[in-house]
Amino acid sequence: RALGADRPHDLGAGLLLGTLLGLAPWFIRGSICGSGYIAFLFRGDQDASGPSVITIGAFLSRCLHNLFIYVAKVPADTFFFPFFYNVAKDHPAFGVKITVSVVLFVLIVYGYLKRVKKNCTGMDVYVPAFFIICVCWPVHGPRFIIPVFGFFVYYAMTALVSLAGKKRSLVTGVFILLLI
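These numbers come from a predicted model, not from an experiment. (Residues numbered from 1 in each chain as written. Predicted model: local features only at pLDDT ≥ 70, side-chain atom pairs only at ≥ 80, totals over all residues. Heavy atoms only, no water.)

Draft legend 1. The arrangement of the nonpolar core in detail. Judged by nonpolar contacts, the single largest core of 28 residues is most densely connected at Tyr70, Phe79, Phe131, Ile145 and Phe152. When residues of this core are traced back to their parent elements, those giving at least two are helix H3 (56-72), helix H4 (74-79), helix H5 (94-118), helix H6 (122-136) and helix H7 (149-164). Excluding residues that lie within four positions of it along the chain, Phe152 makes contacts with Phe79, Ile108, Val127, Phe131 and Ile145. (Core = buried A, V, L, I, M, F, W, Y, C linked by side-chain atoms within 4.5 Å. Buried < 20%, exposed > 50% of the residue type's maximum accessible area, 1.4 Å probe, protein only. Helix = DSSP H or I, 4+ residues; strand = E, 2+ residues; numbered from the N terminus. Contact = heavy atoms within 4.5 Å.)

Below, the structure is given as structure tokens:
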């Protein structure tokens, strides 16, 4: 099995150690320079009257707001760029954009769960970790998802093929044509 998945404790410890080693240069740089990604993640209101460190309530509010953006807006923006990108709240097609985004997000999650159930690899740990960081980050947008967009396409394709049953080749062909 991939990455020694027959020994889940070793796999978890290895992934944790690898993550910490991979993030160490950013933590070290941030502590030396006095600012960095961690400070940016937990920064508060930049207004002079607001606190410089974010409160727990404001952090949770930011995360929920960003989660809504990444579920109901970003999938349509990235999968069907540039068609939905400029569709704002007051546009007649905004409801379609939200619907397409939510359906795509559900397909991505379903495909991810199918993939993890079959065989969990490092990629399957990296993608949700990256997504969680995006949800917690002070700013949001489709550009932050680009590094894992290929995985999202893969998970959506996995979901569609799984749901298609015997019509897998037809669904695969249509999906490829939509991507082009």
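Draft legend 2. How the structure looks around the packing of H5 against H6. In the contact formed by H5 and H6, the axes pass within 10 Å of each other and the chain directions differ by 145 degrees. For the element pair H5 and H6, the recorded crossing hand is left-handed. Taking contact as the criterion, the partners of Phe105, Tyr112, Arg115 and Val116 in H5 are, on H6, Met123, Asp124, Pro128 and Phe131. Of the residues assigned to the contact of H5 with H6, the class counts are six nonpolar, no polar and two charged. (Axes fitted to C-alpha atoms, helices over the stretch in contact; angles between N-to-C directions. Left-handed = near helix turned anticlockwise from the far one by under 90°. Nonpolar A, V, L, I, M, F, W, Y, C, P; charged D, E, K, R; others polar.)

Draft legend 3. Representation of H3 in the model. Between its terminal C-alpha atoms H3 stretches 24 Å, which fits the 24 Å expected from 17 residues at 1.5 Å a residue. Taken as a whole, H3 has its buried residues at Phe59, Arg62, Cys63, Asn66, Ile69, Tyr70, Val71 and Ala72. Those residues of H3 that are buried lie in contact with helix H2 (37-41), H4, H5 and H6. (Expected span 1.5 Å × (residues − 1).)

Draft legend 4. Structural detail: the state of the cysteines. One pass over the structure, following the stated rule, counts zero disulfides. Looking at the unpaired Cys134, the closest cysteine sulfur is the one in Cys136, lying at 9.5 Å. (Disulfide = S-S within 2.5 Å.)

Draft legend 5. Looking closely at the packing of H5 against H7. Packing of H5 against H7 brings their axes to within 7 Å, and their N-to-C directions diverge by 80 degrees. With respect to their mutual orientation, H5 and H7 come out roughly perpendicular. Residue-level inspection shows Leu107, Ile108, Tyr110, Gly111, Tyr112, Lys114 and Arg115 of H5 in contact with H7, the latter providing Phe152, Tyr154, Tyr155, Ala156, Thr158, Ala159, Leu160, Ser162 and Leu163. (Parallel < 35°, antiparallel > 145°, perpendicular 65-115°, else oblique.)

Draft legend 6. Layout of the side chain of Arg62. Looking at the secondary structure, you find Arg62 in helix H3. With residues near it in sequence (within four places) discarded, Arg62 still touches Leu41, Arg43, Ile54, Val135, Cys136, Trp137 and Pro138.

Draft legend 7. The arrangement of unusual backbone geometry in detail. Here the bond from Phe81 into Pro82 is cis, since omega is 5 degrees, no more than 30 degrees from zero. Its location among the elements puts Pro82 in the loop between H4 and H5.

Draft legend 8. Representation of the confidence of the model for the protein chain. On average, the protein chain scores 80 in pLDDT, and the residues at 70 or more come to 78%. Within the protein chain, the lowest mean pLDDT, 68, falls on helix H8 (residues 168-179), and the highest, 93, falls on H5. (pLDDT = per-residue confidence, 0-100.)

Draft legend 9. Fine view of the packing of aromatic side chains. Going through the model one piece at a time under the given rule, you end up with ten aromatic pairs. Measuring from centroid to centroid gives 6.4 Å for Tyr126 and Phe151, while their planes differ by 70 degrees, and the two rings are edge-to-face. Here the residue Tyr126 occupies a position in helix H6, and Phe151 occupies one in helix H7, the gap between them amounting to 25 residues. According to the relative accessible area criterion, Tyr126 is partly exposed, its value standing at 39%. Feature note: the residues Tyr70, Phe105, Phe131 and Phe152 constitute an aromatic cluster, connected by ring pairs. It is Lys73 that lies over the ring of Tyr85; its NZ or CZ is 6.0 Å from the centre. (Phe/Tyr/Trp six-rings, centres within 6.5 Å; stacked < 30°, edge-to-face > 60°. Lys NZ or Arg CZ within 6 Å of the ring centre and 35° of its normal.)

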